[in-house]
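Overview (structure and organization)
What follows is each chain in one-letter form.
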Amino acid sequence: MQDLYTLARPLLFRLDPEKAHRLTIALMKRGVFPRYTLKPDPALEQTLWNLRFPSPVGLAAGFDKNAEVISPLFRLAFGFVEAGTVTPKPQDGNPKPRIFRCPEHEAVINRMGFPNEGMHAFKNNIEHFLSAGPRMPGVLGINIGMNKDQSTPVKDYTLLIRMLGPMADYLTVNISSPNTPGLRDLQKREPLLELIGALREERRKACGAHPPPLLLKLAPDLSEEQQEELAQAALDSEVDGLILTNTTLDRPGALPPAFAGETGGLSGQPLTNKSTGIIRNFYRLTNGKIPIVGAGGVSSGRDAYAKIKAGASLIQLYTALVFRGPSVAMCIHNDLHAYLKADGFDHIGQAVGIDVKPKNTGQELNTSSGS
Ligand SMILES: Cc1cc2nc3c(=O)[nH]c(=O)nc-3n(C[C@H](O)[C@H](O)[C@H](O)COP(=O)(O)O)c2cc1C
């Protein structure tokens, strides 16, 4: 199927990126997409928050903003799919064009601004997915955000939890997209503690005995002080997980100036090392106590393994799907097995954070005294 995508890619790349994306979603809805079967692999299965992930490779938020193609996405061998970002009201997002590709660097800049059809349409789509017969193995995340015109963020997030929380395997609180004014201001201790406290309370009321874990998605553009402050706030607020990271506002020097000059968040290969560094820092700062989902420029088994060794228990991708095609999750899954084997690990859990843990002890970071 990689070969087929090699043929299809030049045609898709002749289209404006957003048109190509809409066409892809339309085709997927009509059943026109390849299917890959995950070979069950006990070494790569992860259980976190009482959820079983058949593969540690997931699809990051932003591809399926309205939860229209969850089932086809599971058939591309993703172990988990994160739909959204959804906001309470429908909104158009920023003026087009607002997505830009850079094939030489396998990078994208986007300034979408959360265009989506709103929570009612999203809920209908999820209900349709959940009622359409036996589910493929795989975990469904729902990524929530606030409308552009909302001046009191907690109102939108609580509303979304009430409405969608009971349908989610996990919830992601997105406070890190660079394209919604004021959103990243929530990445500070006091506003964050207040927000997470309110959301945990809402989740308790809305989701009863089986509340979905609450994950927090952060930006990569954080100073060392901000990372320390946020890691402590994440521990204090008892969020269940961290997604590291969203897109970056950085523009590494090697990018072509016309591309680099576009406003928005940069994703793909130029983000790989930066996001891995953030994962490493948070794993250390939280003593490995909060599971991390690593995202940012993962396009190979090697990239995924580097994030796992830096402290990620799971990884996600979006941009590599654009450049590497629909077999990318499958390829990474298979390559990861080889990397684990080569290092003598029987299970992915043994590799998580190994680059951060004190050398030669194999010690769990959260039980070590000196780190
Ligand atoms: C076109 C596009 C749209 C995105 N939209 C969202 C979004 O709605 N919500 C979100 O949390 N992240 C969004 N992201 C960020 C991705 O989920 C991911 O965190 C980031 O792109 C880094 O991963 P990657 O390099 O594998 O793409 C978007 C990324 C792209 C490229």
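Residues numbered from 1 in each chain as written. Predicted model: local features only at pLDDT ≥ 70, side-chain atom pairs only at ≥ 80, totals over all residues.

As a further point, take the overall build of the protein. Counting its secondary structure elements, the protein contains 12 helices and 13 strands. In terms of overall dimensions, the protein has a C-alpha envelope of 55 × 50 × 50 Å along the principal axes. The buried share of the protein, taken over its 371 residues, is 47%. (Helix = DSSP H or I, 4+ residues; strand = E, 2+ residues; numbered from the N terminus. Buried ≥ 20, exposed ≤ 12 C-beta atoms within 10 Å, placed from the backbone.)

Among the 7 residues that make up strand S4 (residues 80-86), 7 are buried, leaving the element largely enclosed by the rest of the structure. Judged from the 6 bridges that link them, S4 and strand S7 (residues 139-144) form a sheet pairing that is parallel. The residue bridging phenylalanine 80 from the neighbouring strand is valine 139, located in S7. (Pairing = 2+ DSSP bridges.)

So, about the sheet that holds S7. Reading around the circumference, S3-S4-S7-S8-S9-S10-S12-S13 is the order of the 8 strands in this closed barrel, with parallel pairing throughout. Strand-to-strand, the axes of this sheet are offset by a mean angle of 25°, without reference to chain direction. The pairing of strand S9 (residues 214-218) with strand S10 (residues 241-244) spans 4 bridges and is classified as parallel. Along S10, the bridge assignment pairs lysine 217 with isoleucine 243. Running over the sheet, helix H5 (residues 153-164) touches S4, S7 and strand S8 (170-174) and is turned about 150° from S7. (Axes fitted to C-alpha atoms, helices over the stretch in contact; angles between N-to-C directions. Contact = placed C-beta atoms within 7 Å.)

Right, let's talk about unusual backbone geometry for a bit. Following glycine 84, the chain continues into threonine 85 via a peptide bond in cis, with omega recorded as 15°. Here the bond from leucine 244 into threonine 245 is cis, since omega is 15°, no more than 30 degrees from zero. Tracing the backbone shows threonine 245 in the loop between S10 and helix H8 (257-260). Located in the positive-phi region is alanine 67, a residue other than glycine, with phi close to 60°. As for its placement among the helices and strands, alanine 67 is situated in the loop between strand S3 (57-59) and helix H3 (70-74). Among the residues examined, alanine 67 registers 26 C-beta atoms within 10 Å and is labelled buried. One non-glycine residue, phenylalanine 114, lies in positive phi territory at about 55°. By the element assignment, phenylalanine 114 lies in the loop between strand S6 (107-110) and helix H4 (118-131).

Let us look at the nonpolar core. With 98 residues, the main nonpolar core has Phe78, Leu242 and Ile315 as its most contacted residues. Looking at which element gives the most residues to this core, the answer is helix H12 (residues 328-342), with 6 residues. For leucine 242, the contacting residues outside a window of four places in its chain are Leu215, Leu216, Leu218, Ala234, Phe282, Ile290 and Ile292. (Core = buried A, V, L, I, M, F, W, Y, C linked by C-beta atoms within 7 Å.)

Okay, H4 next. An α-helical turn contains 3.6 residues, so any two residues separated by three or four positions project in the same direction. Under the 1.5 Å per step criterion, the end-to-end length of H4 is 20 Å for 14 residues, consistent within 8% with the ideal 20 Å. Among the residues of H4, those classed as buried are Met119, Phe122, Ile126 and Phe129. Taken around the axis of H4, the buried residues stretch over an arc of 85°, which confines them to a single face. Turned more than 90 degrees away from the buried face of H4 sit Glu127 and Ser131, all of them exposed. Each element contacted by the buried residues of H4 is listed here: H3, S4 and H5. Where H4 ends, the next residue or the one after it, glycine 133, has phi of about 100°, a positive value. (Expected span 1.5 Å × (residues − 1). Arc of directions from axis to C-beta.)

Glancing now at the sheet that holds strand S11 (residues 265-268). The strand order S5-S6-S11 describes an open sheet built from 3 strands, whose pairing is antiparallel. Strands at the two margins of the open sheet, each flanked by one partner only, are strand S5 (99-102) and S11. In this sheet, neighbouring strand axes are inclined to one another by 20° on average, regardless of whether the strands run parallel or antiparallel.

Time to look at the pairing of strand S12 (residues 292-295). Neither face of S12 is left uncovered, since the one carrying Ile292 and Gly294 and the one carrying Val293 and Ala295 both have all their residues buried. Crossover handedness for the path S12 to helix H10 (residues 301-310) to strand S13 (residues 312-317): right-handed. (Right-handed = clockwise from strand over helix to strand, strands pointing away.)

What follows deals with the confidence of the model for the protein. Fine structural detail should not be taken from predicted coordinates in areas where pLDDT scores are low. For the protein, per-residue confidence averages 93 on the pLDDT scale, and 96% of positions sit at 70 or higher. Below a pLDDT of 50 lies the segment residues 366-371, which in the model reaches 10 contacts outside its immediate sequence neighbourhood of four places, other chains included. (pLDDT = per-residue confidence, 0-100.)

Our next topic: H5. Compared with the 16 Å implied by 1.5 Å per residue over 12 residues, the 17 Å span of H5 between its first and last C-alpha is a close match. Buried within H5 we find Pro153, Tyr157, Thr158, Leu160, Ile161 and Leu164. On an axial view of H5, the arc spanned by its buried residues comes to 160°, and they lie on one face.

This part is about the packing of H5 against helix H6 (residues 189-207). Helix-helix packing is described using two parameters, namely the angle between the two axes and the distance between the axes. Here H5 crosses H6 at 25°, and the two axes come no closer than 9 Å. Classified by the interaxial angle, the pair formed by H5 and H6 is roughly parallel. The crossing of H5 and H6 is right-handed. Two secondary-structure elements touch here, H5 through Pro153, Val154, Tyr157, Thr158, Ile161 and Arg162 and H6 through Leu195, Ala198, Leu199, Glu202, Arg203 and Ala206. Residue composition of the contact of H5 with H6, grouped by class: 8 nonpolar, 1 polar and 3 charged. (Parallel < 35°, antiparallel > 145°, perpendicular 65-115°, else oblique. Left-handed = near helix turned anticlockwise from the far one by under 90°. Nonpolar A, V, L, I, M, F, W, Y, C, P; charged D, E, K, R; others polar.)

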